[in-house]
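In case you want the letters, here they are:
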Amino acid sequence: MTTSPKNEIWTVFKRLMGYLKPMKGMFVLSVLGLLTYGLVDAAFIAFIKPFIDEGFSGQSVVPSVTSLTGGVGMTSDGFKANKDVLTLAPLVVIGMFALRGLANFVSTYGISYMSARLIMDMRQQVFEHYLSLPVSYIDRENTGNLISKVTFDTEQIARASGSALISIVRDSITVVGMLALMFFYSWKLSLCILVIGPIMGLVISVVSRRFRKVSKQIQAAMGGVTATTEQMIKGHKNVLAFGGQETEAKRFAQINDRNRHQNMKLAVAQSVSQPVIMVIGSFALAFVLYAASFDSMKTDLTAGTFATILAAMLGMLQPIKNLTRVNAEFQRGIAASTTVFELLDTEPEEDNGHYEVARAAGNLRFDDVSFRYANQDKLALDGVSFEVRQGQTLALVGRSGSGKSTIASLITRFYAGLERGDILLDDVSIYDYSLKSLRNQVALVSQQVTLFNDTIANNIAYAYPGEVTREQIIKAAELAYAMEFIEALPEGLDTQVGENGVLLSGGQRQRIAIARAMLRDAPVLILDEATSALDTESEKAIQLGLDNLRQNRTSVVIAHRLSTIESADQILVVDQGCIVERGTHKSLLEQNGMYAKLYQMQFGS
């Protein structure tokens, strides 16, 4: 959509203003400050007429014929009137500008405060909404765009709700005040505004649509900049190893140039609109100067009246210019608000279940489950059925893309909407559980270990419900055979691991993830290639830890290394979303089918 209907803009603006409801007092005070600022400017222009007419022209004095000179002179009352006006003028000017300064401080501080608070609340809301979105949404979205909504888009809204709002209210009041002055003193001269006004309005309307269109393109371009930078940083080692510096530099240059191009479109629209508005305004000013030369006008005008009208017209030019300039910021804010609100309106994960349990026994069953990913024609799982009882270990093997990880993802309801069948935990459908209760029953150790830029201890205790003691963390680390390398570190458990554990080896990261799962002490354990990053020695140590972990727990193990699952109670061979073989390690070897072939490929005989 390239343009937004007026009612949509109003809807977005009204929703944006809803964030200011908790700050109503500050909002009212700020608007009063802006109104005062604008009205003082108009009042200052209004002061020109009495200052000229009474202070210098002497229209209020009484002429008299003197006996000594026979000429026309001034009475003492006339001199007093002139003197009073001229004496009072400096005090009025100082008072007006003092009031203007105070109003400027109150309004600027108040709106800056509201703007900062609005963005803080909106960023928090966007971030928390990300936490509630389904995995399928995050899978299909560009990471850079998601980050850009939290950083760049909300910043555009801040500018629109801050400086733009100040200018819109303050300058609008100034323009209205100037117009009122002009029509009050000479409605005939001011009629030209009625002709010029609609033309200005048309130009601003056309330019506003252009601003919104280009602003949305700038947001998309900024998402590209963020995504490209993030990919380069994450893959920094690979870039250096393959000598890809030039490739990445060219890729970023294209994205960067696209962003510059979009910003230049906005700059062109902005730089063209301001002179056009000024030229249109100059026609109104020229007409007033021309009309003032008519004899019929001269009889109704005093020097002060004409000066006031002229000053009011000149005083309107800068506020109109400001409004035209700030219109770009305002439209960028509206465009950014639209994209952020579209995100916030995205449906969160379905959580219609109400069944809660403190700790499940762990009996897991797939009952004729068929599942298809969104926008995919082929079924990812087709008629999968199996059962694993408490304390048992179920192993899933098969080629990449066969559906093993899909089975694990469905247990935690990362993906919703089965085509057929049901998944039951303790004979209760997992879709009847509340999401929080269901996921409290599951501990996940995946192939891609996620560690946070924190200490080892805090990573092991991540999101642990309730208080956790140091002894519990140490015990979990010992069971995962992680303490042997942790104790060798200078700060032990208090060692910082760096972003995503970059300061640790792959095997060390994996063992911390396993310790985290052990501390969680959930009845269902999912190990998705949990030992893939370990060397042979570490793998043997981990197997001992996993044997401890599996006691009285239902374990679902996805493995490429068949040596790690030889002791599993049941092994399922998955191929193209179907279970083609099932049994124990020994019975599957005797079948001499796909499992036996996979085993022979790994071990040679």
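Please refer to the structure placed before this passage.
Right, let's walk through the structure included here. If you're wondering where the values come from, they're calculated on a predicted model, not measured in any experiment.

Our focus in this paragraph is the packing of aromatic side chains. Any aromatic ring pair is given by two values, namely how distant the centres are and how the planes are angled relative to each other. The final tally for this structure, using the stated rule, is 10 aromatic pairs. Note on phenylalanine 366 and phenylalanine 386: the rings are 4.6 Å apart at their centroids and 15° apart in plane angle, and the pair reads as stacked. With phenylalanine 366 in strand S3 (residues 364-371) and phenylalanine 386 in strand S4 (residues 381-388), the pair connects residues that are 20 residues apart, well separated along the chain. Judged by its relative accessible area of 1%, phenylalanine 366 falls in the buried class. Since its relative accessible area comes to 4%, phenylalanine 386 is described here as buried. Ring geometry for tyrosine 595 against tyrosine 599: centres 6.5 Å apart, planes inclined by 25°, an arrangement best described as stacked. With tyrosine 595 and tyrosine 599 both in helix H21 (residues 594-603) and four residues apart, the pair spans about one turn of that helix.

Now for the pattern of salt bridges. Per the counting criterion, the structure on display carries 18 salt bridges. The salt bridge partner of arginine 365 is aspartate 367, with a shortest N-O separation of 3.9 Å. Residue arginine 365 is classed as partly exposed on the basis of its relative accessible area of 25%. A salt bridge links arginine 365 to aspartate 427; the nearest nitrogen and oxygen atoms lie 3.6 Å apart. With arginine 365 in strand S3 and aspartate 427 in the loop between strand S6 (420-425) and strand S7 (428-429), the pair connects residues that are 62 residues apart, well separated along the chain. Connected through shared salt-bridge partners, Arg365, Asp367 and Asp427 make up one network.

What follows deals with empty space enclosed by the protein. One pass over the structure, following the stated rule, counts three cavities of 30 Å³ or more. Empty space within the largest cavity amounts to approximately 100 Å³. Around the largest cavity sit Phe13, Leu16, Met17, Leu20, Leu118, Ala160, Ser161, Leu165, Phe330, Gly333 and Ile334, which together line it. When contributions to the lining of the largest cavity are tallied by element, the ones reaching two or more residues are helix H1 (6-17), helix H6 (143-185) and helix H12 (303-344).

Glancing now at the side chain of lysine 404. One can find lysine 404 in helix H13 (residues 404-411). Residue class for lysine 404 comes out buried when judged on its relative accessible area of 5%. At 3.2 Å, the side chain of lysine 404 and the backbone oxygen of arginine 399 are in polar contact. The residues touching lysine 404, leaving out its near neighbours within four places in the chain, are Leu396, Val397, Gly398, Arg399, Ile558, His560 and Val574.

What follows deals with the nonpolar core. Residues Ile460, Ile486, Leu493, Ile565, Ile571 and Tyr595 are the most contacted members of the largest nonpolar core, which totals 42 residues. Broken down by element, this core gets its largest block of residues, seven residues, from helix H18 (residues 506-520). If near-sequence neighbours (up to four positions away) are discounted, leucine 493 is found in contact with Thr455, Ile456, Ala457, Ile460, Arg470, Ile473, Ile474, Met483 and Ile486. Leu20, Ile334, Ala336 and Phe341 belong to the second largest nonpolar core, which has 32 residues in total.

Across the sheet, four strands lie side by side as S4-S3-S6-S7; this open sheet has antiparallel pairing. The sheet terminates laterally at S4 and S7, the two strands that pair on one side only. With two bridges connecting them, S6 and S7 associate as antiparallel partners. Across the sheet, leucine 425 pairs through a bridge with valine 428, a residue of S7.

Reading the values: rules and limits
- Residues numbered from 1 in each chain as written.
- Predicted model: local features only at pLDDT ≥ 70, side-chain atom pairs only at ≥ 80, totals over all residues.
- Heavy atoms only, no water.
- Phe/Tyr/Trp six-rings, centres within 6.5 Å; stacked < 30°, edge-to-face > 60°.
- Helix = DSSP H or I, 4+ residues; strand = E, 2+ residues; numbered from the N terminus.
- Buried < 20%, exposed > 50% of the residue type's maximum accessible area, 1.4 Å probe, protein only.
- Salt bridge = Lys/Arg side-chain N within 4 Å of Asp/Glu carboxyl O.
- 1 Å grid on protein atoms, 1.4 Å probe; cavity = no way out; pocket = protein on both sides within 12 Å on 5 of 7 lines; lining within 4 Å.
- Points joined across faces, edges and corners; volume = space filled by probe spheres on them.
- Polar contact = N/O pair within 3.5 Å; in protein donor to acceptor, adjacent residues only side chain to side chain.
- Contact = heavy atoms within 4.5 Å.
- Core = buried A, V, L, I, M, F, W, Y, C linked by side-chain atoms within 4.5 Å.
- Pairing = 2+ DSSP bridges.

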